[in-house]
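Breakdown of the fold
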Amino acid sequence: MKLDSKIPGGPIETAWDRTRFENKLVNPANKRKYEVIVVGSGLAGGSAAATLGELGYNVKCFCFQDSPRRAHSIAAQGGINAAKNYQNDGDSIYRLFYDTVKGGDFRAREYNVYRLAQNSVNIIDQAVAQGVPFAREYGGTLANRSFGGAQVSRTFYARGQTGQQLLLGAYQALERQIDAGRVKMFPRTEMLDLIVIDGKARGIVTRNMVTGAIETHIADAVILGTGGYGNVYYLSTNAKGSNCTAIWRAYKRGAAFGNPCFTQIHPTCIPVSGDYQSKLTLMSESLRNDGRIWVPLKKGDKRSPEQIPENERDYYLERRYPSFGNLVPRDVASRNAKAVCDEGRGVGETALGVYLDFGAAISRLGEDKIRERYGNLFEMYERITDENPYKVPMRIYPAIHYTMGGLWVDYNLQSTIPGLFVIGEANFSDHGANRLGASALMQGLSDGYFIIPYTLGNYLASAKIDKVSDSAPEVQAARAGIQDRTKQLLGINGKRTVDSFHRELGKIMWDECGMARTAPGLEKAISRIQSLRQEFWKDVKVLGKNEEINQSLEKAGRVADFFELGELMCRDALTRNESCGGHFREESQTPDGEAMRDDANFSHASAWEYKGDNQTPELHKEPLEFHYVHPSQRSYK
Amino acid sequence: MRLVFHIWRQATASAPGKMVRYESANMNPDMSMLEALDVLNEELITQGTEPVVFEHDCREGICGSCGFMINGIAHGPLARTTVCQLTLRHFKDGEELYLEPWRASAFPVLKDLMVDRASFDRIIAAGGYCSVPAGSPQDANALLIPKPEADRAMDAAACIGCGACVAACPNASASLFTGAKITHLGLMPQGQPEREIRALRMVRQMNGEGFGHCGNIGECEAVCPKGISIEVIARMNRDFAGASITERPKSGAAEDGA
Ligand code: FES
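Residues numbered from 1 in each chain as written. Chains lettered and ligands numbered in written order. Predicted model: local features only at pLDDT ≥ 70, side-chain atom pairs only at ≥ 80, totals over all residues. Heavy atoms only, no water.

On to the overall build of chain A. The helix and strand tally for chain A stands at 17 helices and 19 strands. In summary, chain A has a C-alpha radius of gyration of 24 Å against a globular reference of 26 Å for 637 residues, a match within 12%. Residues classed as buried in chain A amount to 67% of the 637 residues present. Accessible area for chain A stands at about 21,100 Å²; split by element, carbon and sulfur atoms hold 49% of it. Distance from the positive charge centre (80 side chains) to the negative charge centre (76 side chains) of chain A: 2 Å. (Helix = DSSP H or I, 4+ residues; strand = E, 2+ residues; numbered from the N terminus. Rg over C-alpha atoms; globule rule 2.2 N^0.38 Å. Buried < 20%, exposed > 50% of the residue type's maximum accessible area, 1.4 Å probe, protein only. Areas by Shrake-Rupley, 256 points an atom, 1.4 Å probe, with all protein chains shown as cover. Lys, Arg positive; Asp, Glu negative; His and termini not counted. Charge placed at Lys NZ, Arg CZ, Asp CG, Glu CD.)

All names here are of chain A. By the definition in use, this model includes 72 salt bridges over all chains. Between Asp561 and Arg249 there is a salt bridge; the shortest N-O distance is 2.6 Å. With Asp561 in helix H16 (residues 551-575) and Arg249 in helix H7 (residues 245-252), this pair connects stretches of sequence that are 312 residues apart. Arg249 matches Asp561 in its accessibility class, with the two residues each being buried. Ionic contacts of the salt-bridge type, sharing partners, join the residues Asp105, Arg107, Arg576, Glu578, Arg597 and Asp599 into one network. (Salt bridge = Lys/Arg side-chain N within 4 Å of Asp/Glu carboxyl O.)

Let us now look at the nonpolar core. Ranked by internal contacts, the top residues of the largest apolar core, which has 217 residues, are A:Ile80, A:Phe134, A:Leu224, A:Leu407 and A:Leu420. Per element, the largest residue contribution to this core is 11 residues, and it comes from H16(A). If you look at the next biggest cluster of nonpolar residues, it comprises 28 residues, including B:Leu3, B:Ile7, B:Cys66 and B:Leu97. (Core = buried A, V, L, I, M, F, W, Y, C linked by side-chain atoms within 4.5 Å.)

What follows is about the environment of A:Ile370. All names here are of chain A. Residue placement: Ile370 occurs in helix H11 (residues 367-385). The class for Ile370 is buried, based on a relative accessible area of 0%. C-alpha of Ile370 to C-alpha of Leu287: the two residues are 83 residues apart in sequence and 9.8 Å apart in space. In contact with Ile370, other than residues within four places in its own chain, are Asp290, Ala361, Ile362, Leu365, Gly375, Phe378 and Tyr390. (Contact = heavy atoms within 4.5 Å.)

Residues and elements named next belong to chain A. Between its first and last C-alpha atoms H16 spans 36 Å; for 25 residues at 1.5 Å apiece the expected length is 36 Å, and the two agree. Across the 25 residues of H16, 22 count as buried, placing the element largely inside the fold. A distance of 3.3 Å separates the backbone nitrogen of Ser552 from a side-chain oxygen at the start of H16, and that oxygen is part of Asn550. (Expected span 1.5 Å × (residues − 1). Polar contact = N/O pair within 3.5 Å; in protein donor to acceptor, adjacent residues only side chain to side chain.)

Accessible area lost when the parts come together is the quantity often used to give the size of an interface. With 76 residues of chain B at the contact, the number on the chain A side is 75 residues. For the pairing of chain B and chain A, the buried interface totals around 6,300 Å² over both sides, and the portion due to carbon and sulfur atoms is 51%. Our enumeration of links across chain B and chain A arrives at 8 salt bridges. A salt bridge links B:Glu55 to A:Arg188, with the shortest nitrogen-to-oxygen separation between them at 2.8 Å. (Buried area = accessible area lost by both parts, 1.4 Å probe.)

Below you can see the structure in the form of structure tokens.
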């Protein structure tokens, strides 16, 4: 496998313009002759499907939910970044680019990130034109806030429901195309395999989740916008259905997997309350703008928070990082929370939590102001914990939230399989080793509305794509493979439920490949995952049959893939013997416990190539070059 | 904590269904209702009984996937809450709970507590959008929108499409859902060019899907997890009536509103 990143080179400011000009175009009259498959209907997939439909392609869009409006993008709370500089506070495309490369700890491609910052501006224009009800000032202009450690106010938001409103914008555009007959929607349909013919992606195998029918769909190109794989940890802020199956199947068909170990742990989630816990709820990071984070100075201090006087509290972020304080990036905030809990200073029943205290902000601004800013978040917190955050400090703890890793793609968002494009969280492209707050929505929409329409056209216009029939041997074999696998899962009839396996896998991943990682821990994790996977295939209990709605069967297939991906993540974490962004190897830290990058040895993106079941995958490296933002040790002190 | 569940079990869309009693002593007041069903399902699977099918995804009240009747109330007894965010601390130890799917002819049951809400998507497809293809629209701040208008548009736009409004309505009307989208877009300048055709097409689609007419009872507003006000129905009716008057009639027949 040869990695060709197709970075355009030359001046970065004009790179995307030049690429767009050099791209071949598809004649408008010919567009309807092309069939394009889009898997996933979130910000990336939904916006791509809608836009390709508008352009005149024949699009088929698939999602496992009952409606495209439910994709997990909907749960994003805080906002979307754009370099509009409406606040006149020193923002620019270059600064957003700079912040994103630095925030990603110099593990992303400069050219991709620059294009993302450029597109950010168009996204806001597009969303407003669609009727997305962003927050406004009294004068009628768009409101902005500073978010997640940015020193400029560039985040646009719609209350605490920005993801919902942007997704509904894309969904409505998609429904319009469905109504116009240009997009055919397949809800409740799960992609289970990729069909590759003559080295090109030519279709997918799906299961109809109502009837169980295993079907094949042929196309000229396949686009995956299937989201991240945080649910490998079982507990995460991801929706319950979010899974890795689409990208994992593509990996096993020859698409390289980029930086699988780069996961983001979000610092402000509601702590776990019991072992029945099914998911973790995020509290928007915007809360850190006004909340102060602290733990007791003394170990094992069990007093309730209001009984702990000021001088016995440790506002550890403000103490360690005087210039950024509570607004340090997510990875830094998460690691510090873990550190104080490891010292025995955690709060709450489980002692795995820290306080996020609005007391000072309420006395400074008044309760009304705080209610206006965070009312719905406070309400949600109270609903879940039965505690009133206006009166007692919130308790928060880090949780898995986002995966920066994903399928490796070149500058055109094409994977190592020609004709297979990967967009949004499903690819590895723009966030390096750590994603900044309010950048996920930006990337999903940039990929879907403004990149894929150009790069896909170039592929279709220049590749030689032969006609393929449903009876081709590759199509038949892919279908038969899925039928067999389904039969196998249903036939084991062992003793343990799918969820019990998933929880156990998640625990291994969280303990050994979570916030802090070590070589011995990762090695142990790999062998434990391997034996757990074997046990799964011998002892899992999946009731019912294929020809019906069978949620256990759906879960079983996804968990089977999570085992394999979890192992690859540990392997990647093991080979990356440095700390960068969300990836913290205990072996690689400064004397005062900060992450230490090793640019001499690890200034590359890892791309893993599948070599067969039970074979060690092969690691390829894409060297990263920095011509504009020069790698420096990130410092938020 | 112990709970007794009476749950609607129905194998397929065409099979007859019935209420089945289950009991579990492994409940915890901090669990959500869906986590309670997870625990129950784990017990059922271990006993060799097929687990209860219910729809869910985000489990934080925003995706709109979840929803069923608890003791006759859509999303259960707590106001402005979806079942995924409803914790068991709102129930008593030993309480009997009756869980049933949404009931509406436009929401056919698929299995157990899961229904088909594709009719909602078709209502949106009929006009719940602004027709602006991706490209280069004007600068976002070229359009000034007064904050109160934007806030009211956002109130309506908060709809999660769960279908509780339909389930709660004695006529199974989808007016709150449809009115919310018509109101969201109708309050914004971007929504004006298509305001009339939107109201006409969406309301007709809604009626064609077999939803009932709005009787102004207000049950929908009471169960809406996002607190959407029935004011949106008044706006929908006004837009629809206005548009019907100015629309060039295709036939002489009068037409029902919502
Ligand atoms: S599961 Fe998403 S709203 Fe309840």
